[in-house]
Amino acid sequence: MMRYFIGLLFFLSTMVAQVTDKNFKDKIGDGFSVVVFTSEWQEQDLDESILKGVKGHEDATIITVKSEDTKKTSKKLRLRNFPSIGLFHGGSKKKVWKADMDGEIDVTNDDIKGAISEVLAEDVF
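J.: Please set out the nonpolar core residue by residue, giving values where relevant.
T.: By size, the foremost hydrophobic cluster in this structure holds 17 residues, and its most contacted members are I50, L51, I85, W97 and I112. Of all elements in the fold, only β1 (32–38), β3 (84–89) and α4 (109–124) reach the threshold of two or more residues within this core. The leading source of residues in this core is α4, at four residues. I63, V65, L77 and F88 belong to the second largest nonpolar core, which has 11 residues in total.

Below, the structure written as structure tokens:
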């Protein structure tokens, strides 16, 4: 019985909703979303310190997206190198940080938090 329960928990934990072009707008629709675009062929992994402290800042969520699943969205954003990061608020693109040819992305968590603060300042006026 316990083995069945553990197997069921593992199965349910792997059934995370995949983000695709069809549901992308729904996933980024509420509040702030920091979207990390990744790829199977990217040069290197994203430095996790970039996102440290961003999740939860002004209720921001972090979503990881595979470029293979969001080809139209990646094309619209003109993403060619990965990983890249996009900031969205209420379903609208606010800022995109693109990786260079080597897969290096020139952004810090303070840059992302600052961009969120700028968007909030725009909402006042």
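J.: Run through the layout of surface pockets, naming residues and quoting values.
T.: Estimates place the volume of the largest pocket at around 250 Å³. Lining the largest pocket we find D21, F24, K25, I28, K72, T73, K76, L77, F88, G91, S92 and K93. When contributions to the lining of the largest pocket are tallied by element, the ones reaching two or more residues are α2 (24–27), α3 (71–76) and β4 (92–97). Ranked by the residues each element gives to the lining of the largest pocket, the list is headed by α3, at three residues.

Rules behind the numbers
- Residues numbered from 1 in each chain as written.
- Predicted model: local features only at pLDDT ≥ 70, side-chain atom pairs only at ≥ 80, totals over all residues.
- Heavy atoms only, no water.
- Core = buried A, V, L, I, M, F, W, Y, C linked by side-chain atoms within 4.5 Å.
- Buried < 20%, exposed > 50% of the residue type's maximum accessible area, 1.4 Å probe, protein only.
- Helix = DSSP H or I, 4+ residues; strand = E, 2+ residues; numbered from the N terminus.
- 1 Å grid on protein atoms, 1.4 Å probe; cavity = no way out; pocket = protein on both sides within 12 Å on 5 of 7 lines; lining within 4 Å.
- Points joined across faces, edges and corners; volume = space filled by probe spheres on them.

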